Amino acid sequence: YSQSKLSELILNNNKLKKIDLFINFQNSEGWLNLENNLLLEYPQTLSITTTLPYLTIKNNKINKIRPSYFTMIKRLFYIDFSQNNISIIEVDSFSK
């Protein structure tokens, strides 16, 4: 199976606490669904992903959003952090 052909990855409702996953979607319709898990923080490996057009990471336990989460991503059209425990959004987190 070629990773370059992956256009959608659904990992919702799995009680995941940590994800060590590196993925670059090759088209503008790539979707990563991490909703309804137990993630305490944004997965570090996604911080070095360059193409991640659509990300749903709602209903986890994330409490902070940092600018470093999105520095490498060249295409990000949609992100959903709703229903987390976010108490801090650092300056310039969404400035790109």
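Here the residue numbers are simple positions, counted from 1 along each chain's written sequence. The predicted origin of the model limits local features to residues at a pLDDT of at least 70 and limits the giving and counting of side-chain atom pairs to 80 or more, whereas totals for whole chains, interfaces and linings rest on all residues. Hydrogens and water are ignored here; the side-chain numbers use all heavy atoms of the structure.

A. Inspection of the overall build of the chain at higher detail. By definition, any uninterrupted DSSP run of H or I lasting at least four residues is a helix, any uninterrupted run of E lasting at least two residues is a strand, and each is numbered from the N terminus. When helices and strands are counted, the chain shows 0 helices and 6 strands. Secondary structure elements in the chain, listed N-terminal to C-terminal, are β-β-β-β-β-β. Whether a residue is buried, partly exposed or exposed follows from its accessible area with a 1.4 Å probe, protein chains only, as a fraction of its type maximum: under 20%, in between, or over 50%, in that order. Relative to its full complement of 96 residues, the chain shows a buried share of 35%. By definition in these notes, contact holds between two residues if any of their heavy atoms fall within 4.5 Å. For the chain, the proportion of contacts with a sequence separation of at least 24, taken over those separated by at least 6, is 43%. We get accessible surface area from the Shrake-Rupley algorithm with a probe of 1.4 Å; when it comes to residues, only the shown protein chains can shield them. Accessible area for the chain stands at about 5,900 Å²; split by element, carbon and sulfur atoms hold 50% of it.

B. Broad picture of the sheet that holds strand 1 (residues 8–10). Two strands pair if DSSP finds at least two bridges between them. Read from one edge to the other, the open sheet built from 4 strands follows the order 1-2-3-5, with strand pairing classed as parallel. The open sheet has two free edges, formed respectively by strand 1 and strand 5 (78–80), since each of these has just one partner strand. When strand polarity is set aside, the average angle formed by the axes of neighbouring strands in this sheet is 5°. For strand 2 (residues 31–33) and strand 3 (residues 54–56), the ladder comprises 3 bridges, and the chain directions are parallel. Bridging from a neighbouring strand, Leu32 pairs with Leu55 of strand 3. A fitted line through C-alpha atoms represents every axis, and for helices the fit uses only the stretch in contact; the resulting angles, taken between N-to-C directions, go from 0 to 180 degrees.

C. Fine view of a nonpolar patch on the surface. A cluster of nonpolar residues, Ile86, Ile89 and Phe94, forms a patch on the protein surface that exposes about 280 Å² of accessible area. Considering the arrangement of structural elements, one finds Phe94 in the segment after strand 6 (88–89). Using a relative accessible area of 48% as the deciding quantity, one classes Phe94 as partly exposed. Patches here: salt-bridge-free residues with over 30% relative accessible area, like charges joined within 9 Å, nonpolar side chains (Val, Leu, Ile, Met, Phe, Trp, Tyr) joined within 5 Å. Salt bridges are defined by distance alone: a side-chain nitrogen of Lys or Arg within 4 Å of a carboxyl oxygen of Asp or Glu.

D. View of the nonpolar core. Counting residues in hydrophobic clusters, the biggest one holds 15 residues, and the most contacted among them are Leu34, Tyr42, Leu55 and Ile57. If we skip the residues at most four places from it in the chain, Leu34 touches Leu11, Ile19, Leu39, Pro43, Leu46, Leu55, Thr56, Ile57, Lys58 and Asn60. Definition of nonpolar core: a set of buried residues of the types Ala, Val, Leu, Ile, Met, Phe, Trp, Tyr and Cys, connected through side-chain atoms within 4.5 Å.

E. Examining the environment of Asn59 more closely. By the secondary structure assignment, Asn59 is in the loop between strand 3 and strand 4 (64–65). Separated by 46 residues in sequence, Asn59 and Asn13 place their C-alpha atoms 9.7 Å apart.

F. Just the pattern of salt bridges, in detail. Counted by the stated rule, this structure contains 2 salt bridges. Residue Glu90 is joined to Lys64 by a salt bridge in which the shortest nitrogen-to-oxygen separation is 3.9 Å. Residue Glu90 is located in the segment after strand 6, and its partner Lys64 is located in strand 4; the two are separated by 26 residues in the primary sequence. With relative accessibility at 22%, the residue Lys64 sits in the partly exposed group. The salt bridge involving Glu90 is made with Arg66; its shortest N-O contact spans 3.9 Å. One end of the pair, Glu90, is in the segment after strand 6; the other, Arg66, is in the loop between strand 4 and strand 5, with 24 residues separating them in the sequence.

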